[in-house]
Amino acid sequence: MLSPRLPVPDRVLVGCANFQVSMSTYFSTHGFVEINRTFYVLPRQETLKRWVRMAPPGFVFSVKASRKLTHDGAMNLGTDLARQGLKETVLAASTLQARYLLLQTPPSFGPERLEAVRAVIQDLKQKLNSRISYEPRGPSWEGHGDDLADSLQGLASVVVDPFRQKEVHWEVFHYFRLHGLGERAYVYSYSTQEIRRLKDMLKDLEGEVVVVFNNTDAYKNSLQLMEELRREGIELA
């Protein structure tokens, strides 16, 4: 009797938060990047267009939403600041033809404001074709996985760090962000054993899987993970 076939990802997109190395080097080794610069300031249109021209065919961009929208404007579209952040986010994502858009709120933004998150995502989905992911931060979200899943059903995937949190909800795609495991945020290099453990977490998932390394050794660790996944015969972007 044949053993039942285990699920495998449609494909896995592995990349870094920003390029980490020269763009020409990055484009030669990776098929995906998460642009974090857009969180701090909107790059010039010519800069965004140049990145698209430089990228090889099929390269995938993800864009992190402007902090004017998610932090300074507190996802309140009734404020000028949040509306400006939304406008800048849409401009960056559309120019880069971003497949993914990341919304990240600060620890001060709690589950009692989920309706504001829904409103922003619904607005973005009317303006963009990007797949949207939401990364809540802070201890106030602990125990609210069901609330997140119910609120974002049909709208967005919930971002987690798979070493630290259990995934609570995904829509068509999984979106993982790895920030390191050290005492200092982001200052970390994952060991070979940890990379292999991550590979084992990913290999039996279904749908499209996105993995973003947001640590000081992101470029090296992303290459290590891609090599481990290739050995499993898993398709990479």
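Summarised in this report is the structure supplied together with it. (Residues numbered from 1 in each chain as written. Predicted model: local features only at pLDDT ≥ 70, side-chain atom pairs only at ≥ 80, totals over all residues. Heavy atoms only, no water.)

## Notes on the packing of aromatic side chains
What the rule picks out here adds up to 16 aromatic pairs. A centroid spacing of 5.5 Å and a plane angle of 20 degrees characterise the contact between phenylalanine 163 and tyrosine 190, whose relative ring orientation is stacked. Taken as a pair, phenylalanine 163 in the loop between strand E6 (157-158) and strand E7 (173-178) and tyrosine 190 in the loop between E7 and helix H8 (192-202) lie far apart in primary sequence, 27 residues in all. Tyrosine 190 carries the same exposure label as phenylalanine 163, and that label is buried. Here a set of aromatic residues connected by ring pairs shows up, and it is made of Phe19, Tyr26, Phe27, Trp51, Phe59, Phe61 and Tyr219. Of note, lysine 64 hangs over the ring of phenylalanine 39, and the distance from its end group to the ring centre comes to 4.2 Å. (Phe/Tyr/Trp six-rings, centres within 6.5 Å; stacked < 30°, edge-to-face > 60°. Helix = DSSP H or I, 4+ residues; strand = E, 2+ residues; numbered from the N terminus. Buried < 20%, exposed > 50% of the residue type's maximum accessible area, 1.4 Å probe, protein only. Lys NZ or Arg CZ within 6 Å of the ring centre and 35° of its normal.)

## Re the nonpolar core
Membership of the largest hydrophobic core comes to 62 residues, with the highest contact counts inside it found for Phe19, Phe61, Leu103, Leu124, Val211, Phe213 and Leu225. Among all residues touching leucine 225, those that are not within four sequence positions of it are Val14, Ile195, Leu198, Lys199, Leu202, Val211 and Phe213. If you look at the next biggest cluster of nonpolar residues, it comprises 11 residues, including Leu13, Phe32, Tyr100 and Tyr175. (Core = buried A, V, L, I, M, F, W, Y, C linked by side-chain atoms within 4.5 Å. Contact = heavy atoms within 4.5 Å.)

## What about the side chain of arginine 11?
Mapped onto the fold, arginine 11 is located in strand E1 (residues 11-16). A polar atom in the side chain of arginine 11 sits 2.7 Å from the side chain of glutamate 208. In contact with arginine 11, other than residues within four places in its own chain, are Val60, Arg99, Gly207, Glu208, Val209, Glu235 and Ala237. (Polar contact = N/O pair within 3.5 Å; in protein donor to acceptor, adjacent residues only side chain to side chain.)

## Focus on the pattern of salt bridges
The final tally for this structure, using the stated rule, is 18 salt bridges. The shortest N-O distance in the salt bridge between glutamate 34 and arginine 177 comes to 2.6 Å. Here the residue glutamate 34 occupies a position in strand E2 (residues 32-35), and arginine 177 occupies one in strand E7, the gap between them amounting to 143 residues. Judged on exposure class, the residue glutamate 34 and its partner arginine 177 are both buried. We note a salt bridge from aspartate 72 to arginine 67, for which the minimum N-O separation is 3.1 Å. Of the residues examined, arginine 67 reaches a relative accessible area of 30% and is grouped as partly exposed. By sharing partners, the salt bridges in this structure join Arg196, Glu227, Glu228, Arg230 and Arg231 into a single network. (Salt bridge = Lys/Arg side-chain N within 4 Å of Asp/Glu carboxyl O.)

## Some details on unusual backbone geometry
Its identity as a non-glycine residue notwithstanding, asparagine 18 has a phi of 75 degrees, on the positive side. Phi at tyrosine 186 is positive, roughly 75 degrees, even though this residue is not glycine. Inspection of the secondary structure assignment puts tyrosine 186 in the loop between E7 and H8.

## Side note on the sheet that holds strand E8 (residues 208-213)
The strand order across the open sheet formed by three strands is E1-E8-E7, and the pairing between neighbours is parallel. Every interior strand has two partners, whereas the edge strands, E1 and E7, have only one. Averaged over all pairs of adjacent strands, the angle between strand axes in this sheet comes to 15 degrees, irrespective of strand direction. Most of the contacts of H8 go to E8, to which it runs at about 155 degrees, and overall it touches E7 and E8. Contacting E1 and E8, helix H9 (residues 218-231) crosses the sheet at an angle of about 165 degrees to E1. (Pairing = 2+ DSSP bridges. Axes fitted to C-alpha atoms, helices over the stretch in contact; angles between N-to-C directions.)

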